[in-house]
Amino acid sequence: MNNDPQDAKLIERIQKNPKYTELVTKRSSFAWKLSITVLIIYYSFILVVAFAPKFLGTKIMEGSVISIGIPIGAGIILSAFLLTGIYVRRANSEFDDLTQQIKEETK
Amino acid sequence: MKQLTALASALLAGSWTPLLWAAEAAKAEGGKLNMTAIIMFFTFVAVTLGITYWAASRTKSTKDFYAAGGGITGFQNGLAIAGDYMSAASFLGISSMVFAKGYDGLIYSIGWLVGWPIILFLMAEQLRNLGRYTFADIVSFRLSRVPIRTLSALGTLITVIFYLIAQMVGAGQLIRTLFGLPYESAVVIVGVLMILYVAFGGMLATTWVQIIKAVLLLTGASFIALGALNHVGFNFELFFRTAMESMKTSSLADHKAIIAGNKDIFAPGGLISDPVSAISLGMALMFGTAGLPHILMRFFTVSNAKEARKSVFYATGFIGYFYILTFIIGFGAVVLVAPNAQYVDAVKGTLMGGNNMAAIHMAHATGGDLFLGFISAVAFATILAVVSGLTLAGASAVSHDIYANAICGGNVDERKEIRISKYSALVIGVIAIFLGIQFEKQNVAFLVGLAFAIAASINFPLLILSIYWKGLTTRGALVGGFLGLVATITMVVLSKTVWVDVLGNKAPLFPYKDPALFSMTLAFFSCWLFSKLDGSDQAKAERNLFDAQAVRCETGIGASGATSH
């Protein structure tokens, strides 16, 4: 692939465009931050399951049978959905606009 | 092509015969024949075959066949991904696990869901921008074509076959219970239908089968959960309290054990016993999802990165909602199914038809015979949709990775490539039918776990490293992927699930049930080590190509993109 000199020139122009650097830096730092958030949420949960399962059995209030594990579990599911929403919202507007500008400037 | 059509129609005609015969047999034996279920199932099959016919007329190029022409929208693809992912095993399995063990079921659901945000943040748009039809497109983007394609195709085929066997055996057992059909006929019907969908309708038909199934399953599960909550006037406190009370008088063995052991059903139980197993299982669930070939393939059906991202957003929403429903259905079954003698085999201490029938009995308890028929048909449809997605992924690995790229070097007639793919679908289908029948009496639950572990230890490391790490070379990828594969299979065979439960030995040689923590680490480490040690000219050239790959990966410039329809 990419033996075409035309392609090589285009790639070089894109790489030199400061907006490309901006896109790469912003997008990857955002994506990794969100990934790490998910990993922390999930592995904290798994470690609690492994080391302190009783904690998740704590009742949400006096006299209730419902344990805090239930809202926490539902909360993790909801947080996964919300985090994807946050990423898609920013990527589909800001990052895509930036990509569009790069494409037009380096035509 | 004519021979294939003739063969298909013969198979199709043949497949109805056992169904009708079974219907007669069930009547003759005085067995309860669920007519609603059969009518609804026939309707589903008729509609999906109609779609296959329509899709076949629109499937001309390889892009049509593998990627539905690239014209699926983000929302549609989100539903289709959810359809691919919500298998009958997860619908019946998770609700039954919640029914039998309580909170533990939710731990699995969460593990299966949290892989999705990771796929979105690190892979979805990269897959779309770099690939065309299979995930091997991405791995071989700058690495050597023949060995990398072969290894990726191997990873795909092994994952697909293991997953397929588990689905086929589950299908046979489920359909026998629900429809009173003999096991073999059930497996043959599922196999023949999936071959037809894939071989004739390609990705377009497969996608629509997934979408219809996802809508049916989400609707059905919503009604069951609503029925359960309606029973207690939508009072969650009362709902869980009734479940706890109901368990005390239950005649099910699992429930008796919980009461005898004074266990808390609203806290993690004995399912995950030690931290290493917990983390290993978590890794297999999370990263296995990100390496399932039939799921990865879905990202090539949308027109651009924007739609690819939206697909994951919708899919995560649907799948998360579905898991919350299965949790409610599981506890609902403790309330409504466990105390009802109609659903319980008090002698064996199990549910009628086996312990994974909790959701099915719940359908009857909340909606009567008609709704039971609907849910049975939906369960059948669910199996069909999942096996079709798997078969298409397997067939694409053979035709696109092995035939078109590894053997023909990328210069191949499109029509011939599609033909190879269709025959591959036929062969994979026949293998799945054969193995499905062979494994009838085996405990195959471990095969799904194995498929996830392999996906997490080969497909996932190869993909993520080829996208993000400049230093990856062909040699590193080959050694790492191969060691990951061998390590996973060895550890699973030596673990309790196979060494003791299947092979009948006394004690396992490998102490953990899930190998992912070890096999995935080994794969990543050896990819890194053998790439670092690789000082060949080829390795240098491959590293130099990374920047160009990164440009395309980030911007989508040059991506196989624009919708052709």
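You'll find the structure just up there.
All of these numbers come straight from a predicted model, not from anything done at the bench. (Residues numbered from 1 in each chain as written. Chains lettered and ligands numbered in written order. Predicted model: local features only at pLDDT ≥ 70, side-chain atom pairs only at ≥ 80, totals over all residues. Heavy atoms only, no water.)

Describing the interface of chain B and chain A
Counting residues at the interface gives 52 residues for chain B and 50 residues for chain A. Of the roughly 4,700 Å² buried between chain B and chain A on both sides combined, carbon and sulfur atoms contribute 75%. Counting across the interface, chain B meets chain A through 5 salt bridges. Between A:K59 and B:D264 there is a salt bridge, with the nearest N and O atoms lying 4.0 Å from each other. Counting every contact that joins chain B to chain A gives 13 residue pairs in polar contact (both at pLDDT 80 or more). Listed by contribution, the elements that provide at least two residues to the side of chain B that touches chain A are α6 (104–130), α10 (236–248), α12 (275–289), α14 (305–336) and α22 (546–555) of chain B. Taken together, the residues that form the side of chain B that touches chain A break down as 35 nonpolar, 7 polar and 10 charged. (Contact = heavy atoms within 4.5 Å. Buried area = accessible area lost by both parts, 1.4 Å probe. Salt bridge = Lys/Arg side-chain N within 4 Å of Asp/Glu carboxyl O. Polar contact = N/O pair within 3.5 Å; in protein donor to acceptor, adjacent residues only side chain to side chain. Helix = DSSP H or I, 4+ residues; strand = E, 2+ residues; numbered from the N terminus. Nonpolar A, V, L, I, M, F, W, Y, C, P; charged D, E, K, R; others polar.)

Regarding a nonpolar patch on the surface
Together, A:W32, A:I36 and A:I40 give the surface a local cluster of nonpolar side chains, amounting to about 300 Å² of exposed area. Within the secondary structure, A:I40 is located in helix α2 (residues 18–51). (Patch = residues over 30% accessible without salt bridge, like charges linked within 9 Å, V, L, I, M, F, W, Y side chains within 5 Å. Areas by Shrake-Rupley, 256 points an atom, 1.4 Å probe, with all protein chains shown as cover.)

A look at the pattern of salt bridges
Counted under the stated rule, the structure contains 22 salt bridges over all chains. Linking A:R27 and B:E554 is a salt bridge whose minimum nitrogen-to-oxygen distance equals 3.3 Å. Here A:R27, found in helix α2, pairs with B:E554, found in helix α22, and the two come from separate chains. Residue A:R27 shares its accessibility class with B:E554, and that shared class is buried. Through salt bridges with shared partners, a single network forms among A:R27, A:D96, B:E125, B:K306, B:R309 and B:E554. (Buried < 20%, exposed > 50% of the residue type's maximum accessible area, 1.4 Å probe, protein only.)

So, the packing of aromatic side chains
For any two aromatic rings, the description comes down to two numbers: the centre-to-centre distance and the angle of the planes. Residue and element names in this part refer to chain B. What the rule picks out here adds up to 35 aromatic pairs over all chains. Considering the side-chain rings of F223 and F371, the 6.4 Å spacing of their centres and the 75° angle between planes classify their relative orientation as edge-to-face. Within this pair, whereas F223 is found in helix α9 (residues 183–231), its partner F371 is found in helix α15 (residues 358–407), the two being separated by 148 residues in sequence. By relative accessible area, which is 14% here, F371 ends up buried. Ring centres of F239 and F240 lie 5.2 Å apart, and the angle between their planes is 65°; this geometry places the pair in the edge-to-face category. Taken individually, F239 and F240 each receive the classification buried, so the pair is uniform in this respect. (Phe/Tyr/Trp six-rings, centres within 6.5 Å; stacked < 30°, edge-to-face > 60°.)

The quantities given are spatial measurements derived from coordinates; they are silent on function.
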